[in-house]
Amino acid sequence: MKKTVRAHTNIALIKYWGKADQAMRLPAMSSISMTLDEFYTDTKISDSEKDRFILNGTEQTGKSAQRVFSYLRFLQERFGLSGHLQVESTNHVPTAAGLASSSSAFAALAGAFSSYYDLQINRQELSCLARMGSGSACRSVFGGFAMWQKGNSDLTSYAYAINEQPEMDLHLLAVELNPNPKELSSTNGMQLAKTSPFFQPWLERNQAEIDKMIEAIEQNDFTALGQLAELNANEMHAVNLTAQPGFTYFEPDTIRAIKLVEQLRREGIECYYTIDAGPNVKVMTRLKNVKEITKRFISEFDNVKIVNASFGPGIKYLD
Ligand code: DP6
């Protein structure tokens, strides 16, 4: 059996940034995300004489292939399966987006694995499997707004849909300021973040922030959602700055972009930013402001690339 599975990337509005259990990829906090229509990964698995990972038509070797193969071994062991597999993936996550593709990549891989072996598992179980590939991937099983409840064991740590077809007028402009790969992976960055004296107090705020975000989503309150997502992102980056040793993903252009968002707000153009484990900035706004904000970023930054995204669907089985 050979089925292509499509999973979209997601952007966290309440971040996952710290693990309670490294080996099981159990998060230290719950998180909430928006699945994005513009960016996705298509993956299919087939039989093979040896393990192969082909990404965008090119055979991969080295670290990225090893991560895929060891994930597949883990899944096979879990289900008492064995044998070599070929993974073919196409990433529709333009580097211009400045978005990590691991959420869509591991959600699509988990989906392709379950489809190849006809595992007959539900989306909750699939979300647990995707989590073991990359934490944020467990949320990409669902469309619209998804919540990853941290849980305290493999079977209780999964994502579910808050609303797969939201009516909120919400656009996310992925602003690429710097195309270079990040120096510190999310996996390592979030480990280091735990050494910050602010990490524990931040954790203590997690449940209240989750509740507030769910309320903003349910009330269709863009302002509350944007303010809280921006605050939560700043908390994550404050924790990084105060880790021991401190570090930051910000580049000078990241600060300039933050200041531009603040300036636009002063002018009455409502928008908020969120920033992940890299220097690029994502701006949340309403459709009516997309053009003006795009224009302003293009006039302020040389070589900036901007992609306008909105809500994307959950995992799909294509053929
Ligand atoms: C900043 O899911 O890439 O994007 O579980 O170690 O693979 P691993 O981490 P990963 O981390 C994502 C971090 C983030 C925030 C988020 O997506 O919640």
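Rules behind the numbers
Sequence order sets the numbering: in each chain, residues are counted from 1 along the sequence as written. Residue-level local features of this predicted model are given only where pLDDT is at least 70; pairs of side-chain atoms are given and counted only at 80 or more, and the full residue set underlies all totals for whole chains, interfaces and linings. Heavy atoms throughout the structure, all of them, feed into the side-chain values; hydrogens and water do not. Throughout this description, the term salt bridge denotes a Lys or Arg side-chain nitrogen within 4 Å of a carboxyl oxygen of Asp or Glu. Numbering of helices and strands runs from the N terminus; a helix is a DSSP stretch of H or I covering at least four residues, while a strand is a stretch of E covering at least two. We call a residue buried when its accessible area falls under 20% of the maximum for its residue type, exposed when it is over 50%, and partly exposed in between, using a 1.4 Å probe and counting protein chains only. Only strands that DSSP links by at least two bridges are regarded as paired with each other. Start and end points for every domain follow an automatic or database-based domain assignment. Between two residues, a contact is recorded if the distance between any of their heavy atoms is within 4.5 Å. Buried area is understood as the total, over both parts, of accessible area removed when two parts are fitted together, assessed with a 1.4 Å probe. Between rings of Phe, Tyr and Trp, where Trp is taken as its six-membered ring, a pair exists when centres lie within 6.5 Å; planes separated by under 30 degrees are stacked, by over 60 edge-to-face, and by other angles tilted. In this scheme, Lys NZ or Arg CZ marks a charge over a ring once it lies within 6 Å of the ring centre and within 35 degrees of the ring normal. Simply put, an axis is a line fit to the C-alpha atoms, just over the touching stretch for a helix, and the angle between two N-to-C directions goes from 0 to 180 degrees.

**Here's the deal with the pattern of salt bridges**
Thought 1: Under the counting rule described, the total for this entry stands at 16 salt bridges.
Thought 2: For Asp 42, the salt bridge identified is with Arg 6, shortest N-O distance 2.7 Å. With a gap of 36 residues between them, Asp 42 in strand 4 (residues 31–47) and Arg 6 in strand 1 (residues 5–14) connect regions that are remote in the sequence.
Thought 3: We classify Arg 6 as partly exposed; its relative accessible area is 21%.
Thought 4: Within the structure, one salt-bridge network assembled from shared partners comprises Glu 267, Glu 292, Lys 295 and Arg 296.

**Things to note about the pairing of strand 11 (residues 271–274)**
Thought 1: Taking every second residue as pointing to the same face, both faces of strand 11 are buried, with Cys 271 and Tyr 273 on one and Tyr 272 and Thr 274 on the other.
Thought 2: Remark: 6 residues form the turn of the hairpin made by strand 11 and strand 12 (residues 281–285), two consecutive strands paired antiparallel.

**Observations regarding the domain arrangement of the protein**
Often, the extent of an interface is quoted as the loss of accessible area on bringing the components together.
Thought 1: By domain assignment, the protein separates into domain 1 (2–167) and domain 2 (171–309).
Thought 2: Using only C-alpha atoms to locate each centre, domain 1 and domain 2 end up separated by 23 Å.
Thought 3: With 30 residues of domain 1 in contact, the opposing surface of domain 2 contributes 40 residues.
Thought 4: Summed over both partners, the interface of domain 1 with domain 2 buries about 3000 Å², with 71% contributed by carbon and sulfur atoms.
Thought 5: At the junction of domain 1 with domain 2, the criterion picks out 1 salt bridge.

**A few points about the packing of aromatic side chains**
Thought 1: Across all of its chains, the model carries 11 aromatic pairs by this definition.
Thought 2: Members of the aromatic cluster, joined through ring pairs, are Phe 79, Phe 113, Tyr 116 and Tyr 117.
Thought 3: Geometry around Phe 301 places Arg 256 over its ring, the cationic atom sitting 4.4 Å from the centre.

**What to know about the sheet that holds strand 11**
Thought 1: Ordered by their spatial adjacency, 4 strands build an open sheet running 11-12-10-13, and the pairing between neighbours is antiparallel. Both outer strands of the open sheet, strand 11 and strand 13 (305–309), are each paired with one neighbouring strand and no more. Across the sheet, the mean angle from the axis of one strand to that of its neighbour is 25 degrees, orientation sign disregarded.
Thought 2: With 5 bridges connecting them, strand 10 (residues 171–176) and strand 12 associate as antiparallel partners. Along strand 12, the bridge assignment pairs Leu 172 with Met 284.
Thought 3: Lying over the sheet, helix 7 (residues 252–266) contacts strand 11 and strand 12, oriented at roughly 160 degrees with respect to strand 11.

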